[in-house]
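These are the residues of each chain, in order.
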Amino acid sequence: MIQKSAILNFPKDLLDRPVISNVIRNFEVEVNILQASITPEEDGRMFVIFRGGKEAVEQSLAYLKNSEIRVYLPVKNLVWDENRCVHCTACVGQCPSSAFTVDAQSRQVVFDAARCIACELCIPACSYNAVESISEHLAKTGGQ
Ligand code: SF4
Ligand code: SF4
């Protein structure tokens, strides 16, 4: 069983096609839609996590690509500034992959970069600007 996150961009003329239902039915994978923004005037964008057998997930991605959906596989790209973190735990509930958790002993929030799937749901959840994408971080710091 593997888990793979992907950003899907749907061209306008594909918005009314049941491609996600087809993936679930044809390949027997779980599809968890974390974010979706679809309007009739624009292309649609979804951030999804696929879970299933390796071959089934790969077949699902190939099916989507063959359906002319643009599929982007995000790389891990999060920066956590521990010095800014006040351990409020707001990010923990948002994090679908348990990259942010609360340490049972210290009650402090900890970040495991290896688990991060780069969905960026924690960024707006953090009121203390303790998390940002690498691209934001580089733009601010000039690569420092
Ligand atoms: S939301 Fe921000 S400040 Fe709160 S625990 Fe997460 S990283 Fe730390
Ligand atoms: S980007 Fe944030 S919310 Fe998403 S998996 Fe990584 S740590 Fe969790």
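Keep in mind that this is a model prediction, so the values were computed, not measured.

J.: It is not clear to me how the nonpolar core should be interpreted in this structure. Could you clarify?
T.: Soluble globular proteins: nonpolar side chains tend toward being buried together. The biggest cluster of nonpolar side chains holds 20 residues, and the ones touching the most others in it are Leu8, Val23, Val29, Phe50, Leu64 and Ile69. If you list the elements that add at least two residues to this core, you get strand E1 (2-10), helix H1 (19-27), strand E3 (44-52) and helix H2 (54-66). A per-element tally of this core places H2 first, with five residues. Not counting the four nearest positions on each side in its chain, Val23 is found in contact with Glu28, Val29, Val31, Phe50, Ser60, Tyr63 and Leu64. By size, the runner-up hydrophobic cluster in this structure holds 14 residues, among which are Cys85, Ala99, Phe100 and Val131.

J.: Even after reading the chapter, I still don't get the sheet that holds E1, so can you show me in this structure?
T.: In space, the four strands of this open sheet follow the order E2-E3-E1-E4, with antiparallel pairing throughout. On the outer flanks of this sheet lie strand E2 (30-37) and strand E4 (70-72), each paired with one strand and no other. Ignoring which end each strand starts from, the neighbouring axes of this sheet average 25° apart.

J.: Whenever I open this one, the packing of aromatic side chains confuses me. Can you help?
T.: By convention here, two paired aromatic rings are described through the distance between centres and the angle between planes. Throughout the structure, instances matching the rule amount to four aromatic pairs. Taken together, a centroid distance of 5.8 Å and an interplanar angle of 80° make the contact between Trp80 and Phe100 edge-to-face. One end of the pair, Trp80, is in strand E5 (residues 78-80); the other, Phe100, is in strand E6 (residues 100-102), and 20 residues separate them in sequence. With respect to class, Trp80 is no different from Phe100; both count as buried. Relative to Phe111, the ring of Phe100 has its centre 4.8 Å away and its plane inclined at 35°; by these criteria the two rings are tilted. In this pair, Phe100 sits in strand E6 while Phe111 sits in strand E7 (residues 109-111), placing the two residues eleven residues apart along the sequence. Of the residues examined, Phe100 reaches a relative accessible area of 2% and is grouped as buried. Chaining the aromatic ring pairs together yields one cluster made of Trp80, Phe100 and Phe111.

J.: It is not clear to me how the site of ligand 2 should be interpreted in this structure. Could you clarify?
T.: Neighbouring ligand 2 are 13 residues, the closest being Cys95, Cys116, Cys119, Glu120 and Cys122. Split into classes, the residues belonging to the shell around ligand 2 amount to eleven nonpolar, one polar and one charged.

J.: Is there a simple way to think about the confidence of the model for the protein in this case?
T.: The predicted coordinates of low-pLDDT regions are not to be read in fine detail. Summing up the model confidence of the protein, the mean pLDDT is 85 and the portion of residues at 70 or higher is 89%. Mean pLDDT per element in the protein: helix H5 (residues 134-141) is the minimum at 66, and E6 is the maximum at 96.

J.: Can you walk me through the packing of H1 against H2 in this structure?
T.: In a pair of packed helices, the angle between the axes and the distance between the axes together describe the arrangement. Remark: H1 packs on H2, axes separated minimally by 10 Å, with the N-to-C direction vectors making an angle of 150°. H1 and H2 meet at a crossing whose hand is right-handed. Judged by residue contacts, Val19, Asn22, Val23 and Phe27 of H1 engage Ala56, Gln59, Ser60, Tyr63 and Leu64 from H2. Grouping the amino acids of the contact of H1 with H2 by side-chain chemistry returns six nonpolar, three polar and no charged.

Procedures and definitions
Residues numbered from 1 in each chain as written. Chains lettered and ligands numbered in written order. Predicted model: local features only at pLDDT ≥ 70, side-chain atom pairs only at ≥ 80, totals over all residues. Heavy atoms only, no water. Core = buried A, V, L, I, M, F, W, Y, C linked by side-chain atoms within 4.5 Å. Buried < 20%, exposed > 50% of the residue type's maximum accessible area, 1.4 Å probe, protein only. Helix = DSSP H or I, 4+ residues; strand = E, 2+ residues; numbered from the N terminus. Contact = heavy atoms within 4.5 Å. Pairing = 2+ DSSP bridges. Axes fitted to C-alpha atoms, helices over the stretch in contact; angles between N-to-C directions. Phe/Tyr/Trp six-rings, centres within 6.5 Å; stacked < 30°, edge-to-face > 60°. Near = heavy atom within 4 Å. Nonpolar A, V, L, I, M, F, W, Y, C, P; charged D, E, K, R; others polar. pLDDT = per-residue confidence, 0-100. Left-handed = near helix turned anticlockwise from the far one by under 90°.

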